[in-house]
Each structure stands twice: as structure tokens, then as C-alpha cells.
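This is what each chain is made of:
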Amino acid sequence: MQNGKKLVLGVIGADVHAVGNQILNHAFREAGFDVINLGVMVSQEEFIDAAVESAADAILVSSLYGHGELDCQGLREKCDEAGLTGILLYVGGNIVVGKQPFEEVEKRFHNMGFNRVFGPGTSPETTIQALREDLLGQ
Amino acid sequence: MQNGKKLVLGVIGADVHAVGNQILNHAFREAGFDVINLGVMVSQEEFIDAAVESAADAILVSSLYGHGELDCQGLREKCDEAGLTGILLYVGGNIVVGKQPFEEVEKRFHNMGFNRVFGPGTSPETTIQALREDLLGQ
Amino acid sequence: MQLANKKWTLEEFSQLRKEVLAAWPTGAQVDLDEALAYQKAIAPEKRFVNKLNEAVKNRVTLIQPRAGVPLIAEHIALLKHLETEGEADLLPTTIDSYTRLNRYSDAERGIKESQATGKAMLNGFPAVNHGVEGCRQVTSAVTAPVQIRHGTPDARLLCEISLAGGFTSFEGGGISYNIPYAKNVSIEHTLLTWQYVDRLVGLYEENGVSINREPFGPLTGTLVPPSISNAVAIIEALLAAEQGVRNITVGYGQLGNLLQDVAAIRALDKQTREYLERFGYKDCEVSTVLHQWMGGFPQDEAKAFGVICWGSAAAALSKATKVIVKSPHEAMGVPTKEANAAGLRATRQLISMLADQQLSDDPALEAEIQIILDETRCIVEKTLELGDGDIAVGTVRAFEAGVIDVPFAPSRFNAGKILPARDDQGAVRLLDVGKLPFDERLKAFHKDKIAQRARHEKREVSFQMVIDDIYAISKSRLVGRPRG
Amino acid sequence: MQLANKKWTLEEFSQLRKEVLAAWPTGAQVDLDEALAYQKAIAPEKRFVNKLNEAVKNRVTLIQPRAGVPLIAEHIALLKHLETEGEADLLPTTIDSYTRLNRYSDAERGIKESQATGKAMLNGFPAVNHGVEGCRQVTSAVTAPVQIRHGTPDARLLCEISLAGGFTSFEGGGISYNIPYAKNVSIEHTLLTWQYVDRLVGLYEENGVSINREPFGPLTGTLVPPSISNAVAIIEALLAAEQGVRNITVGYGQLGNLLQDVAAIRALDKQTREYLERFGYKDCEVSTVLHQWMGGFPQDEAKAFGVICWGSAAAALSKATKVIVKSPHEAMGVPTKEANAAGLRATRQLISMLADQQLSDDPALEAEIQIILDETRCIVEKTLELGDGDIAVGTVRAFEAGVIDVPFAPSRFNAGKILPARDDQGAVRLLDVGKLPFDERLKAFHKDKIAQRARHEKREVSFQMVIDDIYAISKSRLVGRPRG
Ligand code: B12
Ligand code: B12
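So, how was this worked out
- Residues numbered from 1 in each chain as written.
- Chains lettered and ligands numbered in written order.
- Predicted model: local features only at pLDDT ≥ 70, side-chain atom pairs only at ≥ 80, totals over all residues.
- Heavy atoms only, no water.
- Contact = heavy atoms within 4.5 Å.
- Buried area = accessible area lost by both parts, 1.4 Å probe.
- Salt bridge = Lys/Arg side-chain N within 4 Å of Asp/Glu carboxyl O.
- Polar contact = N/O pair within 3.5 Å; in protein donor to acceptor, adjacent residues only side chain to side chain.
- Helix = DSSP H or I, 4+ residues; strand = E, 2+ residues; numbered from the N terminus.
- Near = heavy atom within 4 Å.
- Nonpolar A, V, L, I, M, F, W, Y, C, P; charged D, E, K, R; others polar.
- Core = buried A, V, L, I, M, F, W, Y, C linked by side-chain atoms within 4.5 Å.
- Buried < 20%, exposed > 50% of the residue type's maximum accessible area, 1.4 Å probe, protein only.
- Expected span 1.5 Å × (residues − 1).
- Arc of directions from axis to C-beta.
- Donors = N, O, S within 2.8 Å, 3.2 Å for Na, K, Ca; no water.
- Least-squares fit on C-alpha atoms with pLDDT ≥ 70 in both.
- Pairing = 2+ DSSP bridges.
- Axes fitted to C-alpha atoms, helices over the stretch in contact; angles between N-to-C directions.
- Domains from an automatic or database assignment.
- Right-handed = clockwise from strand over helix to strand, strands pointing away.

Some thoughts on the interface of chain D and chain C
With 37 residues of chain D in contact, the opposing surface of chain C contributes 37 residues. Roughly 3000 Å² is buried in total at the junction of chain D and chain C, and carbon and sulfur atoms are behind 60% of that figure. For chain D, the biggest contributors to the area lost against chain C are Trp310, Gln349 and Met353 of chain D; these three give 21% of the whole. At the boundary of chain D and chain C, one finds 6 salt bridges. Notably, a salt bridge pairs Lys303 of chain C with Glu87 of chain D, separated by 2.7 Å at the nearest N-O pair. The tally of links from chain D across to chain C stands at 18 residue pairs in polar contact (both at pLDDT 80 or more). Broken down by element, the side of chain D that touches chain C gets its largest block of residues, 9 residues, from helix α12 (residues 301-318) of chain D.

Have a look at this one:
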């Protein structure tokens, strides 16, 4: 049973970690979301184009390989420019280089305009729960 | 070739760790010392009696099981009383309960009157070197 | 009392009992009927025997730490930490060394000094001093079953108090808690004190309260050949069964060569059952325990994890019923609760990852099992012979004769004539068989194995090999090869 | 240039070379004659090939970490730490992800931001940007041999700079550094770029400088069946040998079932030698590498140590020539140097303790080896057939046809039709064989194995099994059993 919400999903930058992406794709569909999965190595532009085109409700950015901080800079601003004002932005994975205190990392990504920030090993269930809260008010 | 120096060796208190004691006994003899080995479960009185009787140059106290701090209290004073003034006193092994900063432990045992204090895993060679310095001026 | 392997009458037991309970004021707190009622109220899943029997049935390996601190509140916090953060299946209460020697006033001093300094001044939990009520606080505060682990030659009072205190398993035995843990106590004496313990457990058993008993497998923990520790375990199992014990865990300390370790546990399980059967103890439940390496550890914590994990692998692949876990602090001192839990979690990872794997039954493994079975049989049979069929009497004479001989033991009642050393693959063999009653084939086997190593190392067979082997694991080796 | 498995002429090579070196300013620093002279001056014990050959001869397992940080001084400090505190035998220099994609100006930005923030903003060492001199600073600062480890589809410039920079080993290959590491790059393209790399190494070889080459064994690191990674390793070895490479390390990523892991390394070693022999590359030196578990790790550091140690055991028992070591930070991020060294020391402990042990050659092991040999042969032979005898051309067609198929790969040139899952003992089998050219017996074997598990778990064979298996090790399991 589809819940009517559309997600754009992908792994940002030069990142090729494909496993988590394939699992999230599967899990979100099972949970009733409409998923536009861009796979790995997705540029900011590709995320935005896909979201505009599909009138998505949220963009879910994965970053595993450590360059997340460089890759995500300016994404919120570009969304605004493209008319995606206020679109829900999540980021998750191993989004910085090394083992860093999560609170600090979260703050930096919040400041970059992400609504929610998820640390390493976040389970699909947690993410789905957050999406339901934010998109369906459940 | 004997070096003429006499050591009283033993494991203090209710401690039954016998392996290190047997190895030290062997190593000190090989190194030319005359060893009176009292084995395990040795009381302060037994250490002192053996040292008085043999006119020993040093008492080497092992403690492995963690009660070293309780077991060693007052040994220096009892040596003094028994006329063993200034006798060389070493202690070594796992002399306190738990993993504690060695500097602090060393200080506490120095204050109890031990000339040298050795941490866990001290090799026989290190101990022999110290004995040579202190007893033979080498 | 005259030593014989014969079930004590209730009279014999009751006579001694008064004296035992009078040894320290807390003894007066023990009332057997009240204790039985208390034990019966303990939930089934909190009983040691149930957890073990289930694990035997499912062929899984449970994990258990060692742990004990002097004060009750701290000890409870420690155990809770080990079950939540350490994922322990079974919990311990490790007793301090003064209590082990019945020096209860020294233990009292340790409690006081620990309270005063805020530091643990005892190396374990002084259960006798804390009494029945103190023990019940501990056993009722946690959800896993709890066992008393110690090293006490005369554990009669300790057993009385701890069973009344809600513990459902009691480690030790008349040999295994004498030879490695005492210097001047005769075997005869400890066999008697442990008959008391076993009879007490038998009494609980007869009254519908099943208590697990566990002979201490690793002995001195230092290069003990499997057949010696297996023989001791079997003898203690027989002695316990005669007094009415019905649930027995026989143990073994990992030596490091995987084939030998797996073979040792398999042989131990099989042969313990066989001997119990043979002497008519047909309703005994048997389980096995592998102790992660019991000798000197490397000081470095990462390397210690290596040793811990290899012990876990041996436990999982041998399908031991439980594994006793070391911590990365082992070489340094009694571990913090965090270090202890870390050892448990590393063990959990290995045990779970290996749960579905096992070594295949190939000829090499079969041969190793057979060697251990044969050697153990030589020792146990000779012991029976020396006792004219009485295993208790035989044990005393076997130690006198060096027929049972534990390497590096502090006890003067142990011959100390054998010398163990590793062979070229790291299995523990005998460089000197002393007076062990091995037949010529077995003697030749050991000689060949050691000679093979000596040839490889281009040196003579000597005591230096033994020393090198004692240090080896703490220096990241298994076989203590000559340097350079 | 037309793809064919044929040694490039010097002319073909030189023509391309100018273009390669012009891709980034530091390319101008490379002068082959000067580089050869520099390499020849490197002490023999600092050369990768010598250490490996010695280890093969002595049947010992060397240990090597992964490590790379953006700035030169920090990178040197890191490597020194790993050789002193980590006791590493072989050192790496792991390249950052921008460099891997030839995005040198992004790498430049990463260097700048790392300098500015004092934090590592790149996930590796940008060797191209640091140039020949920067590389030489690194390779000359340490005593162990150093290898470039990366994941670069087009590594031509990187190889030029790093060989001139004193590195004596270079990881990767046209398949193994494409399929797991790229999305839109054709196999044809990377086979060509890697022929360049191999030809360059061949040139060094012909000029008396032996460089080690190592195809990347684990591919996506996620449930890759041994026959697939072995087939890729063999193909890349053949391709490298044709271009003049003479020292090759073939690799495999640990899967967790001991029998399968040991079998995979043994099969890999044997079959690589056989194929090299068959195609006339008779003077090739072959060694093997086992990578500790390459999939998702547990977050807890103690549990991560468990995974690390089990990988070490597999490496030691399979007698792999070297083992690539993970750190207890694996699940969290690029490790600190301390965490990296801790992983190495745990590995060292296991490798040394197990040095003298090995699994016995029993029928179960032989059978597992045979399965891997048979499957691998099916894949390689079909690939040859598709290329009309040309393994390079065949490889392109094999990927098109799904004859070679890597699970969970990001590349759109990979069929992605197979589905791996564990059997009831935790060995990785195929739930869906896709288009793999297996004969009926092999297909039935996989089907049976998976069915056996499904029966045990009382559930249908399904994609959920695969998902459960992907998460299993990070949840302290090997087989992803259904919950509850
Ligand atoms: C083997 C062992 C046992 C065996 C002992 C068998 C026997 N009778 O000998 C058994 C299993 C019986 C045992 C029992 C106990 N043990 Co114990 N045991 C060990 C272990 C693993 C190895 C000891 C050993 O033989 N090492 C090899 C020898 C060669 O080294 P060594 O003993 O350290 O001696 C060398 C050096 O320390 C030095 N040295 C020693 N003395 C001296 C003196 C001087 C002056 C100098 C200079 C140097 C020096 O030179 C020696 C030769 O190289 C250690 C931990 C470890 N080290 O890995 C724990 C350890 C010593 N045991 C410990 C404890 C607590 C116990 C028990 C109380 C509880 C228990 N766990 O069951 C009982 C104590 C019983 C008692 N009353 O004493 C603790 C002590 C804790 C602390 N200090 O904080 C340790 C550290 C383990 C731990 N981390 O918890 N143990
Ligand atoms: C497998 C793996 C690889 C494979 C990837 C194969 C492939 N193409 O997919 C290979 C070997 C090729 C590889 C390469 C590299 N890897 Co890698 N890799 C891993 C590893 C071991 C597992 C990743 C994985 O598949 N996990 C299983 C899946 C199911 O989990 P997941 O990816 O974490 O995704 C889940 C969650 O994170 C979450 N999630 C993910 N995205 C999002 C997004 C949102 C919005 C939310 C809410 C949740 C969420 O949900 C997912 C599903 O449960 C991790 C370490 C680890 N986790 O143990 C390192 C790791 C991610 N890799 C790392 C690195 C550095 C690299 C390399 C640069 C270098 C190298 N080591 O070779 C290259 C990068 C190449 C590139 N350009 O991207 C680092 C990243 C470091 C950092 N961030 O500090 C890690 C953490 C290892 C480490 N500690 O060094 N890698």
C-alpha cells in the first residue's frame, strides 16, 4: 500500500558504496514510499533535477566514504534556487572522515541545512520512522 | 660462577602464584646469586627469619594476586626491629588490585620502605640488572 | 573421619555441620529448611542447571566472565554491567583470596579498608563475611544465574552461606582447589572438606533443588597437559556424584593448539560420561567448559583481545557448553567492569559467528582425541588400582606416587616431577613424563614429539624450552622458539 | 586502441604516455630513467617483492594495514606509527576518493581544507597532487616496503608518479578497480588503462626493477562467492603477466566460514599458478593475500576485534602470504592511527600464535577446494571461449553476458543478476546463479545448500535471507537467521 510520498534517494559525490543504497531502496518501497533511486555517484545537480522533475517530498542523501562534508556544502542553497524551498533533506551514513563525536557532526550538517542527520549504522526502521513523522505526521 | 650475594625470595601473603617464583629462582641462580627461595604463601615473619638466619643482602617480595598492599604494610619496620636495618627490599608482580597508574603505585610502595618497585611483567633480566647495580655496583 | 569414596550418612554430615557453621558468626544465619524454600522460589530461568542443560541440548556455547569486588553495592553494579554491557549468559561471583583461606578477619579488614579508601583492597567478593543476606542481595539483583568461583581448599562454610544465599552453582573440588591454590594442605583433608560440599549439594538435590557443580579444570593454568586435567575432572565428577551431585560441568583450560583443544573437550565430555555410567551414576547431567588461556597474558590490550578471541574460537569449534572469558586487562590486574565487558563482547562476536561451524571429524582429530582418552585412562585406572577400587583413597596415593602430577603447582603434596613443553605444532606434550603411568607407546609418542621440535629448533631438549613456552603467549607466540 | 590480450609495443605505450603525464602538472616530474635509478637505489629489504617471496618460502603470513591521510607530514607520522606501534610488516598508502576518479582539483581543495581546518578532509593520500617528490618523502621515511592501495579505474598517472616516487607495489586491476569502484566506466576502457599500468610495471621489470602487482581480491566485499573473485584474480593475473608483470599477489576477502576461507586461498594459489603456467608465463612469482572481512562491521570495538581476530585466524590457517588488517573503528570511519595499530597488534598475536598450525587435509576441505576450482574453471573457460581465446576480449563479453557477475556492484556494466546467501554452516553460496556458466551439478549443489538452510530456518528461500546475511556480522552473527 503506497503512502503517496515520493523520495529521491542516492549516494552523493564520488562515493560508490552501493550496498546500503540498494537496501534502503528496497526497505522504503516495502514501507510504501515512492522511490526515485539515483544509485551511487550522484551530483548535487542530479539530486535536484530528479526532485524537481518528480515533485519529491524529500531528498535522502547517503554518504559513506568520508567526503560527505565537502560534497554536501551548498546543497540546501541550490535547492532553494531550484524552487525546492523547504524540501525535507536527510543525510546519513559515515558522513565525515573518521570517528567523530556525533553531536558535533550533527550540528555542522544542521547548519548546512539538513533537517535530520543520521550516524553510522542507522537501521532502515529508524529512517522510515523519521520519514513517517516528518511526512505523514505519524 | 657465584657472585657472593644472597637473596631471600618468596611470594607474600596468601598468594599461591608459583610460576613466576620458580622462574625467578632459576634465573637468579643462573645469574650467580645465592637464593633462599621460600616459595609461595610466605608471611612477613618467614621472610625476616630467613634473611636474619642467612645474613641475606636483599629480600625480594613477589605479590601477584592483588593483596600486595595489605600484605606488605609494616615489612620495613619489622626488618628494622629484627636488626635488618637498611636491607635491600624489592617488590614486584601485580602488586595492587587492578590496572593502576604505575607511578602512583610505585610511590605508595616507596613510602612503605621498598627500595625498588617493579610493575607487571618485569623480565628477570631487568631485575638481575637492578640487583647488580644495587649489590655489586655494576 | 576416615576417607573413602562413600556417600556420607546424614548423621556424619550433621555432626560436622555445627562446627562448620560456627567458624564465623554469619554461619548462624544458615537454616537449611529456610534455604531450601528460598532456593525453590528462584525462577527456573535463573537456575544454572536449566541454562546449561538447554545449551547442551541446543549445542550452543554460553559465555561467562570472572568478577568480584569487595563491597555489595559495587559488586551488584559490576554484575549488572556484565549482563547488560557484556551480554553475559551466566554470571560469577569471584571470592577474594583471604576468604579462600578462611581468613575471615583479614577479609573484614579488606572490607573496611575498601570502604575507607574507596579502592578495592580485596581481589574478590568476601561472601562469608557478607553473609546469607548479603548474598541474596546479589543473586536477586540480576537476571542471569550466578555461580560462586573461588579456589578454596576448605569451602564448607562458603558453600553453606552461598547456597542459602541463592547461588545456583558452586565451582571447585578437592583436588582442583587444593593443588593449584594451597601449599600445605593435604589432599586427604581437601577430599574430605569437598565431600562435605558435595554432600550438601546432594542434600539440596534430594530436596528438589538442583545445584550445578564444576570442578576447576585449568588447575595451574600453565601448560597442563589435557590428560592430567581431564583425569582430575573425571575423578572429581565421580567423587561429587557419589555424594549425590547430579549436575556437573567438567572443565579444561585452552592450550592454544586448535586441534588439541577441540580434542580435549570432546575427550573430556565422552570419558566423563563413560566413567559416571560405569560407576552407576546414571542420572547425572554433564556439560563442559573451556577456559580461555589461563597462563600469562600479553600486556598489550589489543594482543590480549587476540588471545581472548582465539579462546572463543576454540570454545565454539569444540562445542563446549560454556566458555570462561578473560579481559584485555588480564596481565595487568583485576579488570575494570568496562574491560571485563569488552572481553565478553569480543567473545560473544566469535561464539555467534562460529555457532554453525565445527571442525570436521578427520583422522588427525580422531588421533588426538584417542591419545587423550588413552592417557587419561592410564591415570584414572592406576588411581583406582592404588586405592584398591576406591577412587578417593587412590587419589591420595596417586599424588604421593606422582601418578597424578600437576605442573608448576605450589602444593607440597604434588610430586612436581613432570615437565610439559610444546611440540612443533604448539600442542602441549611432556618433555619429562615423571611418574605418570603411561605405557611405552605413549611415552615414545611424547618423546618423539618433543624431539621433533628440538630438531626443528636446532637445540637440545632442555628446561629452557619450558621457560620459553611459559613466556611465549605473552610475547605473541605459542611455541617458545629460541630467539634470533 | 583495440583491446586484445597482447603485450603492448614500446611505441604504443610511449604514444599514450605523453597524454597521461600531461593530465596534471606533477606528471612532468616523472622521468623514467631517473625513476629507474631511484628505484634501483632502494635497499632490497625495502622492496615488496623480496619480503613477499621470503614469506612464501617460509610459509609465514605478513600483516599490512590500510592507511592514508591528506597531508605528507601526517601521513609519514601515520606510517611510522603503524610500523613501530602496529608491528606492520608491509605498509600501505591508501589514496583518497577524488584522486581515484582523477578529480585532482577536488583533491587540491581537500588538501587546502585539511590544512585550514586541521582536520583530514580527504579519505586518503592524494599522491598525484603531492607529486614524485612528495611520494619519495613518504617511501624514504619508513623502513618497511610501501604499496599504493586505491580503487582507481584510470590509475595510469597515479602509477607513473608512485613508481617514480619509490613505491614498490601497486594494487588494482581493470576489473577489480572498475566494477566495485565505478558506475559508468566500461570494462573495455579499464582493461586498457590497466594494460598501461601493467606495461609500465613490465618496463620497470625489464629494466631490473621488480614491482609487485596485486589485483584487488574482495571486489564489493559483500558476500562475493569465492569462485567469482578467484576468477577475476586469475584473469587479472593473466592480463598483467602478458604485459610483463612478474610478481603477482592474488587476493580474497574473508567470508567467515573457516573451511570455505581456507579452501578459497588454497584454490586461488593453485589455480593461479596453473593458468599462468598454461599460458606460458613460467617465471611468475605468485603470492596470496587474505583480506579480513570486507563487509559491514559491528560498531562496538570489542566486537570488531572479534571479527578482526577471526580474519587473522583464517589468514594464518590458510597460510596466506599476507593479511590486510581492519581496525576496531571500521564501522565508524577512517581509523585513528592508534585504532589502526591496535587492529594490527591483535592480528600479530593471532598470526604468531597460529604460525605453526594448519587445518588438516581432510575430505571436507578437499571437497570445498574442488567446488571452488570447478566453479572458477567454468567461469574462466567460458570467458576464454567468449573471447575466442583472448581473455581480455572475453572479459568484456563475459560481463555483458553475466558470465562474470559481482554482487552489489555499482557498475552498470555488471549484470547484477546473481544473489549470494549463506548456507546453514555460513559458507557463501548462490541463491540465484544468474547467468554464471555453472554446470548442472554445480547449480544443484548451490540449490541444495540454500534449501537446507531454508528448511532449518523454516522459511522460504527469499531476498530477505540476503538482506539478513548482509547485516549479520554487524549484528554478531554469520548466518542471518530470522529473528525471534
Ligand atoms: C596463572 C595464573 C593463576 C593460576 C596460578 C597457578 C599457580 N599456583 O601458580 C591460578 C589459576 C591458580 C590463579 C589463581 C588466582 N589468581 Co591468578 N593469574 C595467573 C596469570 C594468568 C599468570 C601468572 C603467571 O604465571 N605468569 C607467568 C609468570 C612467569 O609471570 P609472573 O607471575 O608475572 O612473574 C614474573 C614477573 O611478574 C616478575 N616478578 C614477579 N615477582 C617479582 C618480584 C620482584 C621483586 C621482581 C623484581 C619481579 C617479579 O618476574 C616473574 C618472572 O618473569 C595472571 C595474569 C597474567 N600475568 O597474565 C593472573 C593473576 C596474577 N591472578 C589474579 C588473581 C586475582 C587470581 C585469584 C585471586 C583469582 C582468580 N582469578 O582465580 C587467584 C589467587 C589465588 C591466590 N590465593 O593466590 C590476578 C591478580 C589481580 C591483581 N593483582 O589485580 C591476575 C593479574 C589476573 C587478573 N588480571 O585478574 N592465577
Ligand atoms: C563494503 C565497503 C566498501 C566496498 C564497497 C563496495 C560497493 N561498491 O558498495 C569497497 C571495498 C569497494 C569500499 C571502498 C571504499 N571504502 Co568502504 N566500506 C565498506 C564497509 C566495510 C561496509 C559498507 C556497507 O556495505 N555496509 C552495509 C550497508 C547495509 O550499510 P551502510 O552502507 O552503512 O548503509 C546503511 C546505513 O548507513 C544507513 N544509511 C546509509 N545512507 C543513509 C542515508 C540516510 C538519509 C539515512 C537516514 C540512513 C542511511 O542505512 C543503510 C542501510 O542499513 C564500510 C565500513 C562498515 N560500515 O563496516 C567501509 C567504509 C564506508 N569505506 C570507507 C572508505 C574510506 C572506502 C574507500 C575510500 C577506501 C577504501 N577503504 O578502499 C573506498 C571508497 C571508494 C569510493 N569512491 O566510494 C570508510 C569511510 C570512512 C569515513 N567515512 O570516515 C568506511 C567507513 C571504512 C573505514 N572505517 O575506513 N568500501
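Picking up after the structure, the text goes on.
Side note on the interface of chain C and chain B
When the parts of a complex come together, some accessible area is lost, and that lost area is often taken as the interface size. Facing the 32 residues of chain C at the interface are 27 residues of chain B. At the junction of chain C with chain B, the criterion picks out 1 salt bridge. The salt bridge involving Lys99 of chain B is made with Glu301 of chain C; its shortest N-O contact spans 2.3 Å. Per element, the largest residue contribution to the side of chain C that touches chain B is 4 residues, and it comes from helix α17 (residues 463-472) of chain C.

Let's talk about the site of ligand 1
As a structural note, the neighbourhood of ligand 1 is formed by 46 residues, with His17, Ala18 and Ser62 of chain B together with Glu330 and Tyr471 of chain C the closest of them. Lying at an intersection of chains, ligand 1 is approached by residues of chains B and C. With respect to ligand 1, the side chain of Asp15 of chain B contributes an N or O atom lying 3.3 Å from an oxygen atom. With respect to ligand 1, the backbone of Ala18 of chain B contributes an N or O atom lying 2.7 Å from an oxygen atom. Where the shell around ligand 1 is concerned, the elements lending two or more residues are α1 (19-30), β3 (58-63), β4 (88-93) and α6 (124-136) of chain B together with α5 (97-100) of chain C. Its residues assigned to classes, the shell around ligand 1 comprises 24 nonpolar, 18 polar and 4 charged.

Quick look at the nonpolar core
With 331 residues, the main nonpolar core has Tyr204 and Trp310 of chain C together with Tyr204 and Trp310 of chain D as its most contacted residues. Sequence-distant contacts of Tyr204 of chain D, that is, excluding residues within four places in its chain, are made with Leu32, Ala35, Leu36, Gln39, Leu163, Ala164, Val209 and Ile211 of chain D.

Let's talk about helix α6 (residues 104-117) of chain D
Taking 1.5 Å per residue as the helical rise, α6 of chain D with its 14 residues ought to reach 20 Å, and the 20 Å between its terminal C-alpha atoms agrees with that figure. Regarding α6 of chain D, the residues found buried are Tyr104, Asp106, Ala107, Gly110, Ile111 and Ser114 of chain D. The buried residues of α6 of chain D occupy one face: seen down the axis, they fall within an arc of 155 degrees. In this structure, the buried side of α6 of chain D is in contact with α3 (68-72) of chain A together with α5 (97-100), α7 (127-141) and α8 (156-164) of chain D.

Observations regarding the coordination of the cobalt atom of ligand 2
Exactly one protein atom donates to the cobalt atom of ligand 2; that atom is His17 of chain A (NE2), 2.2 Å from the metal. Locating His17 of chain A in the fold gives a position in the loop between β1 (6-11) and α1 (19-30).

Side note on the relation of the copies chain D and chain C
Rotating chain D by 180 degrees and translating it 0.0 Å along the rotation axis places it on chain C, where the RMSD comes to 0.0 Å. Read as a symmetry element, the transformation amounts to a two-fold axis. Most of the interface of chain D is mirrored in chain C, where 100% of its interface residues are also at the interface.

Some details on the sheet that holds strand β2 (residues 91-94) of chain C
Residue and element names in this part refer to chain C. An order of β1-β8-β7-β6-β5-β4-β3-β2 is seen for the 8 strands of this open sheet, with the pairing classed as parallel. Because the sheet does not close on itself, it has two edges, and the strands there are β1 (62-65) and β2. Across the sheet, the axes of successive neighbouring strands diverge by a mean angle of 25 degrees, strand direction being ignored. Two strands pair when backbone bridges link them, and strand β6 (residues 247-253) and strand β7 (residues 285-291) are joined in this way by 7 bridges, in the parallel orientation. Bridge pairing links Tyr252 to Leu290 in β7.

What about the site of ligand 2?
Taken together, 46 residues surround ligand 2, and among them His17, Ala18 and Ser62 of chain A together with Gly333 and Tyr471 of chain D come closest. Positioned at a junction of chains, ligand 2 has nearby residues supplied by chains A and D. The side chain of His17 of chain A places a nitrogen or oxygen atom 2.8 Å from a nitrogen atom of ligand 2. Leu64 of chain A has a polar backbone atom sitting 3.0 Å from a nitrogen atom of ligand 2. When contributions to the shell around ligand 2 are tallied by element, the ones reaching two or more residues are α1, β3 (58-63), β4 (88-93) and α6 (124-136) of chain A together with α5 of chain D.

So, the domain arrangement of chain C
All names here are of chain C. The domain architecture assigned to chain C consists of domain 1 (10-354) and domain 2 (365-384 + 398-475). Taken together, the contact pairs 44 residues of domain 1 with 41 residues of domain 2. Inspection of the domain 1/domain 2 interface yields 1 salt bridge. At the junction of domain 1 with domain 2, the criterion picks out 11 residue pairs in polar contact (both at pLDDT 80 or more).

Brief notes about the pairing of strand β3 (residues 146-149) of chain D
Note on strand geometry: in a regular strand, side chains alternate between the two faces of the sheet. All names here are of chain D. Burial along β3 is two-sided: the residues Val146 and Ile148 and Gln147 and Arg149 are all buried. The sheet contact formed by strand β2 (residues 91-94) and β3 spans 4 bridges and is parallel. In the strand pairing of β3, Thr94 is matched with Arg149. Where β3 and strand β4 (residues 169-171) come together, 2 bridges link them in parallel fashion. Each residue of the ladder has a partner; that of Ile148, found in β4, is Phe170. Once you follow β3 into α8 and on to β4, the crossover reads as right-handed.

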